[in-house]
Amino acid sequence: AVVSTQSTGEEVVAKNYQKILILEDDIRFDANFNSQLNDLTAEVEALSLDWDLIYLARKILQKSETFVPGSSRLVIPKYSYWTASYMLSNKGARKLLKQEPDKKMIAVDEYLPLMFDSHPNREWSAHYEPRDLIAYSVNPLLIEPQFYIGQEGYISDTETSTVILDRSRPASSSSEESKVEL
């Protein structure tokens, strides 16, 4: 949820952490996770890569992603879902907090792609300026969810959510009612 992302970001800033690793509680680690994470951080440092967020797990929704020049394991992500695991820098936390996400009802799965300007809904994007989060993703992913959609035990607070009409706001120019996703 954006609220937990906001409180985590506030702690990163308050305690001046330079980078953190965020892990959800329903994930599975790759067998060589520790060594792969060490290799990833070494590569990021060797490339002197400026970054705000690096996905370690996500649902890839658009396949044609470009590798970062000089990298064997980092891509520039397109619209993605899931926030099962990612690294966040202090600078990235500050950028996310600057948008005051607690004042806009949106799932964090949508918020992050909006912030790195890869969200397909341009109407939503218009509410977030600047959209300058510098995001990357490890490829192949180092973590996966414990369950996938359709499997027994699968629960999602975003993918199976209902769109609720917000009748307190005027309809958009396309004559559709404003929608809020919970």
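All values reported here derive from a predicted model rather than from experimental measurement. (Residues numbered from 1 in each chain as written. Predicted model: local features only at pLDDT ≥ 70, side-chain atom pairs only at ≥ 80, totals over all residues. Heavy atoms only, no water.)

Draft legend 1. Region of the structure containing the nonpolar core. Of all hydrophobic cores here, the largest spans 19 residues; its most connected members are Leu53, Tyr86, Leu88, Leu96, Tyr111 and Leu112. It is helix H4 (residues 108-115) that contributes the most residues to this core, 5 residues altogether. Ignoring sequence-local partners within four residues, the contact set of Tyr86 consists of Thr5, Ile20, Leu21, Ile22, Leu53, Ile54, Tyr55, Leu56 and Leu112. Within the second largest apolar cluster, 18 residues are counted, among which are Ile27, Ala57, Leu74 and Ala84. (Core = buried A, V, L, I, M, F, W, Y, C linked by side-chain atoms within 4.5 Å. Buried < 20%, exposed > 50% of the residue type's maximum accessible area, 1.4 Å probe, protein only. Helix = DSSP H or I, 4+ residues; strand = E, 2+ residues; numbered from the N terminus. Contact = heavy atoms within 4.5 Å.)

Draft legend 2. Quick peek at the confidence of the model for the protein chain. Chain-level statistics for the protein chain give a pLDDT mean of 84 and a share of 79% at 70 or above. Taken together, the stretch residues 171-182 has pLDDT below 50 and engages in 33 contacts with residues farther than four places along the chain or on a different chain. (pLDDT = per-residue confidence, 0-100.)

Draft legend 3. View of the sheet that holds strand S3 (residues 53-60). With mixed pairing, the 6 strands of this open sheet are ordered in space as S1-S6-S3-S7-S5-S4. With partners counted over all chains shown, the strands left at the sheet margins are strand S1 (19-23) and strand S4 (66-67), one partner each. In terms of strand pairing, S3 meets strand S6 (residues 80-89) through 6 bridges, oriented antiparallel. In the sheet register, Lys59 faces S6, and the bridge partner there is Tyr81. Against the sheet, H4 contacts S3 and S6, and its axis sits at roughly 60 degrees relative to S6. (Pairing = 2+ DSSP bridges. Axes fitted to C-alpha atoms, helices over the stretch in contact; angles between N-to-C directions.)

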